[in-house]
Amino acid sequence: MDEFANLKETELRLGLPGTDNVSEERERVSSCNKRASPSDTENEIESSTRKTETSPPRKAQIVGWPPVRSYRKNIIETKKNESDHEGQGIYVKVSMDGAPYLRKIDLSCYQRYSELLKALEMMFKFSVGEYFEREGYKGSDFVPTYEDKDGDWMLIGDVPWEMFVCTCKRLRIMKGSEAKGLGCVV
Amino acid sequence: MKEDRSEMAAKDVELDPRSAAISEPLSSSSSSPAAFNAVVSAGNKSRSCKSSLPVTQPPCPGHVLENVLENVLQFLTCRRDRNAVSLVCRSWYRVEAQTRFEVFIGNCYSLSPSRLTRRFKGVRSLLLKGKPRFADFNLMPPDWGAQFAPWVAATAMAYPWLEKVNLKRMFVTDDDLALLAESFPGFKELILRCCEGFGTSGIALFANKCRQLKVLDLIESEVTDDEVDWISCFPEGETHLESLSFECVESPINFKALEGLVLRSPFLKKLRTSRFVSLEELHRLMVQASQLTSLGTGSFSPNDVPQGEQEPDYASAFRASKSIVCLSGFRELTPEYLPAISPVCANLTSLNLSYANISPDILKPIIRNCHNIRVFWALDSICDEGLQAVAATCKELRELRVFPSDPLEDSESPVSALGLQAISEGCRKLESILYFCQRMTNGAVIAMSENCPQLTVFRLCIMGRYRPDHVTGKPMDDGFGAIVKNCKKLTRLAVSGLLTDEAFSIIGEHGKLIRTLSVAFAGDSDMALRYILEGCPKLQKLEIRDCPFGDVGLRSGMHRYHNMRFVWMSYCRLTRGGCRDIAHALPSVVAEVFGSDVDDDDDNADYVETLYMYRSLDGARKDAPKFVTIL
């Protein structure tokens, strides 16, 4: 079916980012479906690449680390002629069940799910298990989910990456039984 | 360049308590002198002004003695000595208050402006610090506070002879600057470090009104570009300017006006220009002002490509500036021109290249002439090789700062243990170091602890979080442990890398003189915090982020928070309840909690993202924004 043809890009594996053979070209996504709701939403999403394809993906940066004054950082950035300033990022909150406080992550730093998940794993020091299209995440107590624009909680990886970036409002790394229910929705 | 620590040049005067009029000691109240002294201290520079308070009553023995004391106390400049003097008795307290001309307030919220003006009647110099340091790293939402406004209002009424104001991390508006300029006819020195809230229009007004101005230093502050030609607003005629620093002003400058200003400022010794001054323009300034001792070189890049026409002889201008001992700037350096500074290298005591991304090959020919350098700031682009060159030549080096050219956690860092080791072996007189790197070894840190016993400031930032010694794989405990054990004069320490609770046990035990401690992503448990709070007897400023420290750890410091300037803990394991308990138990301490997100409404409301706790004589502040909760 067409709706699943686009999901190859979002297929998760345990390999390191950049090791898959899928073309790094951005695709125009002509139709996307949410796993949770059967009704189609036709979206033309043009995704923009901030960095060139050859530069390595940036990992999640913790706020205020390393401790260099923004004054100094700005000077260095002006010189590097970087066009990406903090304000242009797509910042969403990330909470993890059991962790006492929230973090923020810039979705525009990543090109695909594997990079995002890797960054989350590093930030919160956990591992996410393996993703299966129909069964969700296996092999870990932690399940990465996100809340979309409609307020629905979805499994990370269910929709094509570009759609995810556009509709994601916040992330939540669920733990335990609560997560299982979500992972099994078809 | 910042001069954070002024020398303590106290002239010790032998005071014989028996000859003073002894009355009963001051009773302790909520505003006991000891508590006041703790938050307000005298400055360090000597000020030999006579007190202008007239004696109208017929002299009685008490007053005679007070006059004598007054004249004696003038020579007492060390702030801690003055505090001690004020505690002797009521009479001494009074006289000390009359003769204190310089006041240092380390935390603007530790007391109210009215308390200051009630005690001290003749203040001429005020140093105020506002936001805590971690605010520099986006860990504090904007508009948190530290407004200068109430202070300028109070001092405008109380101290018509105020001459100097030195502010750090304060919020200063154009209106504040206007009031400052209008209220103090003899105003001489304004130094704004890491401040914000004002713009070029405020500076323009200030420059125009202060006819006695000697010093205007804007250092690492955010200055809004109101498109006002502020340099033209200095009054006509000869000025009293001795120091003008505007490196941080990010707006174009009217060069003709600047040149004219320099020409009519015969006393100008320090000139630090912004990056909007080109190399050609710098040359012109230098030629007019060969008496300069400190020069901020602006962009150090020519405006135009020299077109057949002979370009200025930059080296000759430096040769003519025989007095230059301090160089900074180089904001947009064209490396080919750096050798122009060679004529002054042998005299340099301070060189700041930290805005110039230069390679070792560019640095080496320059640094090999800098035998007298005491302060050196650079980017890590100079690599270990550059640091080795520094170590080989700069035997008088006291302060080194190596900043990251790529301040990201996973970037490649061109400096490493090798550079640190080299510096430790070559620069034995080192007193202060700030070193950014990606990874480090215990061996190099231990070597520094053994080779540089004069260290008072050791700040090592291993940018990769939780990184162990990359050779042995062990935590960095041994390295930092050696620093606190061997560097007996250490007053400031910043730790990083993988550190266990054991490291903090050693720090707590051996860090006897440590006043400032910065901890990030370290420790295993509350024990680490306990070790710190139960040790380090001189600890004043504690800043912590992302450590597994909770309420139990916080509680272990209850006995000492009233004696500290502040404690900052963000992204730890503190709960609201835990913080509230501390706040209720310690009435002289104010506990603020807030998050980095101003409109945070998350479910984890029980956990505290940031706790900022400080002692205060006047309770909670009235100007806290909505996102701050004072427990």
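Residues numbered from 1 in each chain as written. Chains lettered and ligands numbered in written order. Predicted model: local features only at pLDDT ≥ 70, side-chain atom pairs only at ≥ 80, totals over all residues. Heavy atoms only, no water.

Named according to an unreviewed UniProt entry, chain B is F-box domain-containing protein originating from Eutrema salsugineum. What UniProt records for chain B under Pathway (unreviewed entry) is the sentence "Protein modification; protein ubiquitination." As its UniProt record puts it under Subcellular location (unreviewed entry), chain B is described as follows: "Nucleus". (UniProt positions renumbered as here; feature names shortened; annotations may be inferred.)

**Student:** I'd like to hear about the overall build of chain A, residue by residue, with values.
**Tutor:** A count of helical and extended segments in chain A gives five helices and seven strands. Along chain A, from the amino end to the carboxyl end, the secondary structure elements read α-α-β-β-α-β-β-β-β-α-β-α. Out of the 186 residues belonging to chain A, those deemed buried represent 46%. Summed over all atoms, the accessible surface of chain A reaches about 9,800 Å², with 49% contributed by carbon and sulfur. (Helix = DSSP H or I, 4+ residues; strand = E, 2+ residues; numbered from the N terminus. Buried < 20%, exposed > 50% of the residue type's maximum accessible area, 1.4 Å probe, protein only. Areas by Shrake-Rupley, 256 points an atom, 1.4 Å probe, with all protein chains shown as cover.)

**Student:** Describe the environment of Val39 of chain B, with residues and values.
**Tutor:** All names here are of chain B. Tracing the backbone through its elements, the reader meets Val39 in helix H1 (residues 33–39). When its relative accessible area of 6% is taken as the criterion, Val39 is described as buried. Along the primary structure Val39 and Ser201 are separated by 162 residues, whereas in three dimensions their C-alpha atoms are 34 Å apart. For Val39, the contacting residues outside a window of four places in its chain are Phe104, Ile105, Gly106, Ser110, Leu111, Arg615 and Leu617. (Contact = heavy atoms within 4.5 Å.)

**Student:** Go over the environment of Leu241 of chain B, please, and point to the residues and values.
**Tutor:** Residues and elements named next belong to chain B. Its place among the elements puts Leu241 in the loop between strand S8 (223–224) and strand S9 (243–245). On the basis of relative accessibility, which here comes to 2%, the residue Leu241 falls in the buried class. Once residues lying within four places of it in the same chain are set aside, the contact partners of Leu241 are Leu213, Lys214, Phe234, Leu261, Ser265, Phe267 and Leu268.

**Student:** Give me the interface of chain B and chain A: which residues, what numbers.
**Tutor:** Taken together, the contacts link 45 residues of chain B with 28 residues of chain A. Taken together, the two surfaces of chain B and chain A that pack against each other cover about 3,500 Å², and 53% of this comes from carbon and sulfur. Applying the counting criterion to the chain B and chain A interface returns three salt bridges. Notably, a salt bridge pairs Glu220 of chain B with Arg69 of chain A, separated by 2.6 Å at the nearest N-O pair. At the surface where chain B touches chain A, the tally comes to seven residue pairs in polar contact (both at pLDDT 80 or more). Across the side of chain B that touches chain A, the residue classes tally to 21 nonpolar, five polar and 19 charged. (Buried area = accessible area lost by both parts, 1.4 Å probe. Salt bridge = Lys/Arg side-chain N within 4 Å of Asp/Glu carboxyl O. Polar contact = N/O pair within 3.5 Å; in protein donor to acceptor, adjacent residues only side chain to side chain. Nonpolar A, V, L, I, M, F, W, Y, C, P; charged D, E, K, R; others polar.)

**Student:** Go over the packing of helix H13 (residues 360–367) of chain B against helix H14 (residues 383–393) of chain B with me, naming the residues and quoting the values.
**Tutor:** All names here are of chain B. Two elements in contact, H13 and H14, have axes whose closest approach is 9 Å; the angle formed by their N-to-C orientations is 5°. With respect to H14, the axis of H13 lies roughly parallel. Contacts between H13 and H14 involve Pro360, Asp361, Leu363, Lys364 and Ile367 from the first element and Cys383, Glu385, Gly386, Ala389, Val390 and Thr393 from the second. Of the residues contributing to the contact of H13 with H14, the split by class is six nonpolar, two polar and three charged. (Axes fitted to C-alpha atoms, helices over the stretch in contact; angles between N-to-C directions. Parallel < 35°, antiparallel > 145°, perpendicular 65-115°, else oblique.)

**Student:** Let's hear about the packing of aromatic side chains: which residues, and what values?
**Tutor:** Residues and elements named next belong to chain B. The full count for this structure, using the stated rule, is 25 aromatic pairs over all chains. Pairing Phe187 with Phe206 gives two aromatic rings, centres 5.8 Å apart and planes at 85°, and the pair type is edge-to-face. Linking Phe187 in the loop between helix H7 (174–183) and strand S5 (189–193) with Phe206 in helix H8 (residues 200–209), this pair joins segments that are 19 residues apart in sequence. Phe206 matches Phe187 in its accessibility class, with the two residues each being buried. Their ring planes at 80° and their centres at 5.8 Å tell us that Tyr466 and Phe521 sit as a pair that is edge-to-face. Of the two residues, Tyr466 sits in the loop between strand S17 (457–462) and helix H17 (477–486) while Phe521 sits in the loop between strand S19 (516–520) and helix H19 (526–534), which places them 55 residues apart along the sequence. (Phe/Tyr/Trp six-rings, centres within 6.5 Å; stacked < 30°, edge-to-face > 60°.)

**Student:** Go over helix H3 (residues 113–124) of chain A with me, naming the residues and quoting the values.
**Tutor:** Residue and element names in this part refer to chain A. When the terminal C-alpha atoms of H3 are compared, their 16 Å separation across twelve residues agrees well with the 16 Å that a helix rising 1.5 Å per residue should span. Of all twelve residues in H3, nine are buried, a share of seventy percent or more. Inspection of H3 places Tyr113, Ser114, Glu115, Leu116, Leu117, Ala119, Leu120, Met123 and Phe124 among the buried residues, and these make up the whole buried set. Looking at the packing, one finds that the buried side of H3 touches strand S1 (91–96), strand S2 (103–106), strand S4 (136–138), strand S5 (142–148), helix H4 (161–167) and strand S7 (168–175). Phi turns positive one or two residues past the end of H3, at Lys125, with a value near 60°. (Expected span 1.5 Å × (residues − 1).)

**Student:** Report on unusual backbone geometry, specifying residues and quantitative values.
**Tutor:** Residue Pro66 of chain A follows Trp65 of chain A across a cis peptide bond; omega there is -5°. Tracing the backbone through its elements, the reader meets Pro66 of chain A in the loop between helix H1 (2–5) and helix H2 (70–80). We note that Phe521 of chain B has phi near 50°; this positive angle belongs to a residue other than glycine.

**Student:** Outline the pattern of salt bridges, supporting the account with residue identities and numerical values.
**Tutor:** Under the counting rule described, the total for this entry stands at 33 salt bridges over all chains. Here Glu147 of chain A ties to Arg170 of chain A by a salt bridge, and the two come within 3.6 Å at their closest N and O atoms. Of this pair, Glu147 of chain A sits in strand S5 while Arg170 of chain A sits in strand S7, placing them 23 residues apart in sequence. Overall, the relative accessible area of 22% leaves Arg170 of chain A in the partly exposed class. Three or more residues are tied together by salt bridges with common partners; here these are Arg69 of chain A together with Asp136, Arg169 and Glu220 of chain B.

**Student:** Talk me through the confidence of the model for chain B; I want residue IDs and the actual numbers.
**Tutor:** Residue and element names in this part refer to chain B. On average, residues of chain B score 89 in pLDDT, and 89% of them are at 70 or above. Confidence over residues 1–30 falls short of pLDDT 50; this stretch has 57 contacts with residues more than four positions distant or in other chains. Low pLDDT, under 50, characterises residues 42–53; the predicted model gives this stretch 36 contacts beyond four residues in sequence or across chains. Both confidence scores are given for the complex: pTM 0.80, ipTM 0.83. (pLDDT = per-residue confidence, 0-100.)

**Student:** For the side chain of Ser518 of chain B, give the residues involved together with the corresponding values.
**Tutor:** Residue and element names in this part refer to chain B. Position of Ser518 relative to the elements: it lies in strand S19. Relative accessible area serves as the criterion here: at 7%, Ser518 is assigned to the buried category. If we ignore the near neighbours within four places in the chain, the residues touching Ser518 are Arg133, Leu493, Ala494, Val495 and Glu543.

**Student:** Would you mind going over the sheet that holds strand S6 (residues 153–155) of chain A in detail, with residue names and values included?
**Tutor:** All names here are of chain A. Within the open sheet, the five strands sit side by side as S2-S1-S7-S5-S6. Their pairing is mixed. Every other strand in the sheet has two partners, leaving S2 and S6 as the edge strands with one partner each. When strand polarity is set aside, the average angle formed by the axes of neighbouring strands in this sheet is 35°. In this structure, S1 lies alongside S7, joined through four bridges in parallel fashion. (Pairing = 2+ DSSP bridges.)

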